[in-house]
Amino acid sequence: MIRSVTFLTAIVVLALVVGGAALAKDVQCKLNVQCNGTNNADRLIGTNGPDNMSALKGNDVLKGRSGDDNAMRGDQGSDRLLGGPGVDHIVGGSGRDVLKGGGGFDHYVFGQNWGKETIVDTRILDNDLNTGHFVRFDSVRDDLTIDLNSGLGPEVKNKSKTSTLNWSDDLIDGMDNDGKGNDTIIGRDVADNLQPSAGGSDKVFGRGGNDFIYTADGVGNDQIDCGSGDNDELRKDGGDTYSNCEHVQVF
């Protein structure tokens, strides 16, 4: 009987040890050291300086704390990426992520086959085109529709809607796309910073406000309407067609 109890105890201990490998892991990141999660559900805690954090697999929580975080990557899984005070670069992954930059202006970055993402942040109210929240699309091959005006959403989507991006309160002030798709970009009735600058036949509508628009990608087949502002700036290729743009520079 004693031997049976001992055997059962050993099984329980073994189960706990094996099961422990699948438990969430708390990781306290170190300053200037790459900080990685595991393939399970983790919580990565940043430092008060610049952090470079990768969630890897699992449904993770990344907390950047203060400092200008170089990158917070969601990777795979449905993650919560939480920046803090400072300029954060938050990279959405292939799952259903929630991205929150925190204080300061932030850059939200997405690659090919990103998932269904949501940005939650506080709108920045100033007239500086360089200090707002930005969305950036790196090497995305899909044709995208990017509408900085918040509505029923999604504000960004590919044709198949397998990659989508939602936000509210018109909180995104600018976009940058180095992908090759044929994109449609729609600005707001305030000043926007719109830079679809890496190929494709893009259509850009600045709408109201004094916008900065950069379409000089060396191809020359974009169509730009700067909109109703009276001091818009456009940087374009010779073959791009445009209207309602007050200050035009050809590259």
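Residues numbered from 1 in each chain as written. Predicted model: local features only at pLDDT ≥ 70, side-chain atom pairs only at ≥ 80, totals over all residues. Heavy atoms only, no water.

1. Remarks on unusual backbone geometry
- Residue Pro154 is bonded to the preceding Gly153 through a cis peptide linkage, with omega at 0°.
- Along the chain, Pro154 turns up in the loop between strand S13 (144–147) and strand S14 (156–158).
- Phi is positive for Leu56, which is not a glycine, with a value near 60°.
- Relative to the elements of secondary structure, Leu56 occurs in the loop between strand S4 (52–54) and strand S5 (61–63). (Helix = DSSP H or I, 4+ residues; strand = E, 2+ residues; numbered from the N terminus.)

2. Points about the environment of Phe134
- With respect to the helices and strands, the residue Phe134 is situated in strand S12 (residues 133–138).
- Between the C-alpha atom of Phe134 and that of Val91, which follows or precedes it by 43 residues, the distance is 12 Å.
- Those residues within four positions of Phe134 in sequence are excluded, and the remaining contacts are Asp106, His107, Tyr108, Leu129, Ile172, Gly174, Met175 and Asn193. (Contact = heavy atoms within 4.5 Å.)

3. Here's the deal with the pattern of salt bridges
- Scanning all chains against the criterion turns up seven salt bridges.
- We note a salt bridge from Arg188 to Asp192, for which the minimum N-O separation is 2.7 Å.
- Measuring nitrogen to oxygen at the nearest pair gives 2.9 Å for the salt bridge that ties Arg235 to Glu233.
- Note on Arg235: relative accessible area 17%, which makes it buried.
- Among the charged side chains, a salt-bridge network with shared partners connects Asp173, Arg188 and Asp192. (Salt bridge = Lys/Arg side-chain N within 4 Å of Asp/Glu carboxyl O. Buried < 20%, exposed > 50% of the residue type's maximum accessible area, 1.4 Å probe, protein only.)

4. What about the state of the cysteines?
- Scanning the entire structure with this criterion turns up two disulfides.
- The disulfide that involves Cys29 links it to Cys35, with 2.0 Å between the sulfurs. With the S-S dihedral at roughly -70°, the linkage between Cys29 and Cys35 falls on the left-handed side. For the pair Cys29 and Cys35, one class covers both residues: buried. (Disulfide = S-S within 2.5 Å.)

5. Quick word on the nonpolar core
- Of all hydrophobic cores here, the largest spans 35 residues; its most connected members are Phe110, Ile119, Val135, Phe137, Leu165 and Trp167.
- For this core, the secondary-structure elements that each account for two or more residues are strand S10 (107–111), S12, S13 and strand S16 (172–177).
- Those residues in contact with Phe110, other than ones at most four positions away along the chain, are Gly92, Leu99, Glu117, Ile119, Val135, Arg136, Phe137, Asp138, Val140 and Leu165. (Core = buried A, V, L, I, M, F, W, Y, C linked by side-chain atoms within 4.5 Å.)

6. Observations regarding the packing of aromatic side chains
- For the structure on display, the rule yields four aromatic pairs.
- Considering the side-chain rings of Trp114 and Phe137, the 5.4 Å spacing of their centres and the 40° angle between planes classify their relative orientation as tilted. Here Trp114 is found in the loop between S10 and strand S11 (116–119), whereas its partner Phe137 is found in strand S12, with 23 residues between them in sequence. Like Trp114, the residue Phe137 is buried in the burial classification. (Phe/Tyr/Trp six-rings, centres within 6.5 Å; stacked < 30°, edge-to-face > 60°.)

7. Things to note about the side chain of Asp121
- Considering the arrangement of structural elements, one finds Asp121 in the loop between S11 and S12.
- Here Asp121 is buried and forms no salt bridge, its nearest opposite-charge partner Lys100 lying at an N-O distance of 7.5 Å.
- At a separation of 3.4 Å, a polar atom in the side chain of Asp121 contacts the main-chain amide nitrogen of Gly101.
- At 2.4 Å, the side chain of Asp121 forms a polar contact with the side chain of Tyr108.
- Filtering out sequence-adjacent residues up to four positions away, Asp121 remains in contact with Gly101, Gly102, Asp106, Tyr108, His133 and Leu171. (Lys, Arg positive; Asp, Glu negative; His and termini not counted. Polar contact = N/O pair within 3.5 Å; in protein donor to acceptor, adjacent residues only side chain to side chain.)

8. Overview of the sheet that holds strand S18 (residues 193–196)
- With respect to topology, 11 strands assemble into an open sheet ordered S2-S4-S6-S8-S10-S12-S16-S18-S20-S22-S24, the strand pairing being parallel. Edge positions in the sheet fall to strand S2 (35–36) and strand S24 (247–250), since each has one partner strand and no second.
- With two bridges connecting them, S18 and strand S20 (residues 212–214) associate as parallel partners. Pairing of Leu194 across the sheet is with Ile213, part of S20. (Pairing = 2+ DSSP bridges.)

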